[in-house]
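# Architecture and fold: a report
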Amino acid sequence: MSAKDRLILALDVNDPEEAIAIVERFSDWITTFKVGLELFTTAGPDIVRRIHERGKKVFLDLKFHDIPNTVVRASIMVTRLGVSMFNMHASGGFEMMRRTSEAVVETCLRENLPRPKMIAVTVLTSISQEEFKKDMGYQHGIRTHVKHLSALAHRAGLDGVVASGHEVQAIRNSLGKGFVIVTPGIRPSWSPPDDQKRTMTPREALRNGADYLVVGRAVLAQKEPEKAVELILLELLSS
Ligand code: C5P
């Protein structure tokens, strides 16, 4: 996969016109754009169609977490939008993931649709080890939990997981090459962590075995965003 295909740019804005302007502005460098909660809430499914019309792919990052029936039905709707990737929380449970993956595969076969990559969110990159134990009440560490949830998602038939760069190696070692790992919380050495706690540079994340890197503020919050994206791509190319 080329460096360009690995980098996913997060459209973390709420104005559809601004989102489309970003897609057009970064069209030479980026193949896949991530539509998250903020943009989808204001712009709706139409934003996905508009990005597709520009020849680009969409990662729909709505992080579904609900009872199996609800997630199955929402995932079928997402599949019909033709996104290349979407996600759900692995902590929604095995049954939720298994039924969703089966329903999406069936829908694609029946309606002759391209099959989106189904990805499970493990532990958010904004959660620190301390918060995980103290506030969320887990006795074990984040890495153990991420490995456990990844294995569960794999068994349920999902294509991969979202995980921080710190857990990528452990997942890769236990689940092998074909399992997709999407890594947000990417911060080149020159950008601040913001609210992210488990960050990693593009080079480190790639070396650890991540397939896709999600970047948002490390590009869009910079004074010269084009230069930032070029620097990140260069870092990936030289890894
Ligand atoms: O600006 P920044 O690069 O931190 O943005 C990261 C993006 O990735 C945000 O859109 C966020 O919602 C998303 N994300 C994340 N952690 C996850 C899954 C998605 O930060 N576990």
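The following paragraphs examine the structure supplied in this document. (Residues numbered from 1 in each chain as written. Predicted model: local features only at pLDDT ≥ 70, side-chain atom pairs only at ≥ 80, totals over all residues. Heavy atoms only, no water.)

### A word on the sheet that holds strand E8 (residues 212-215)
- Taken together, 8 strands build a closed barrel; the order of strands is E1-E2-E3-E4-E5-E6-E7-E8 and the barrel is parallel. Between one strand axis and the next, the sheet turns by 25 degrees as a mean value, whatever way the strands run.
- Here 2 bridges tie strand E7 (residues 180-183) to E8, and the two strands are oriented parallel to one another. Each residue of the ladder has a partner; that of Thr-183, found in E8, is Leu-213.
- Against the sheet, helix H4 (residues 46-53) touches strand E2 (32-35) and strand E3 (57-64), its axis set at about 155 degrees to E3. (Pairing = 2+ DSSP bridges. Helix = DSSP H or I, 4+ residues; strand = E, 2+ residues; numbered from the N terminus. Axes fitted to C-alpha atoms, helices over the stretch in contact; angles between N-to-C directions. Contact = heavy atoms within 4.5 Å.)

### With respect to the side chain of Asn-208
- Of note, Asn-208 is situated in helix H10 (residues 202-208).
- Owing to a relative accessible area of 17%, Asn-208 belongs among the buried residues under this scheme.
- Excluding anything up to four places from it in sequence, Asn-208 contacts Gly-165, Val-168, Gln-169 and Met-200. (Buried < 20%, exposed > 50% of the residue type's maximum accessible area, 1.4 Å probe, protein only.)

### What about the environment of Thr-122?
- Of note, Thr-122 is situated in the loop between strand E5 (117-121) and helix H7 (129-134).
- Each C-alpha atom, one on Thr-122 and one on Val-35, is 19 Å from the other, the two residues being 87 residues apart in sequence.
- If near-sequence neighbours (up to four positions away) are discounted, Thr-122 is found in contact with Val-146, Leu-149, Ser-150, Val-161, Val-162 and Ala-163.
- Among the polar contacts listed, one links the side chain of Thr-122 to the backbone oxygen of Val-162, at a separation of 2.7 Å. (Polar contact = N/O pair within 3.5 Å; in protein donor to acceptor, adjacent residues only side chain to side chain.)

### Looking at the layout of surface pockets
- Of the pockets and cavities examined, the largest pocket occupies roughly 630 Å³.
- Around the largest pocket, the lining comprises 27 residues; the ones closest to its centre are Asp-12, Lys-34, Asp-61, Lys-63 and Gln-196.
- Mapped onto the lining of the largest pocket, the elements with two or more residues apiece are helix H3 (37-43), E3, E8 and helix H11 (217-220).
- Element by element, the count of residues in the lining of the largest pocket is highest for E3, at 3 residues.
- The class makeup of the residues in the lining of the largest pocket is 12 nonpolar, 7 polar and 8 charged. (1 Å grid on protein atoms, 1.4 Å probe; cavity = no way out; pocket = protein on both sides within 12 Å on 5 of 7 lines; lining within 4 Å. Points joined across faces, edges and corners; volume = space filled by probe spheres on them. Nonpolar A, V, L, I, M, F, W, Y, C, P; charged D, E, K, R; others polar.)

### Focus on unusual backbone geometry
- The phi angle at Lys-63 is positive, at roughly 45 degrees, despite the residue not being glycine.
- One can find Lys-63 in strand E3.
- Since its relative accessible area comes to 27%, Lys-63 is described here as partly exposed.
- The phi angle at Asn-112 is positive, at roughly 55 degrees, despite the residue not being glycine.

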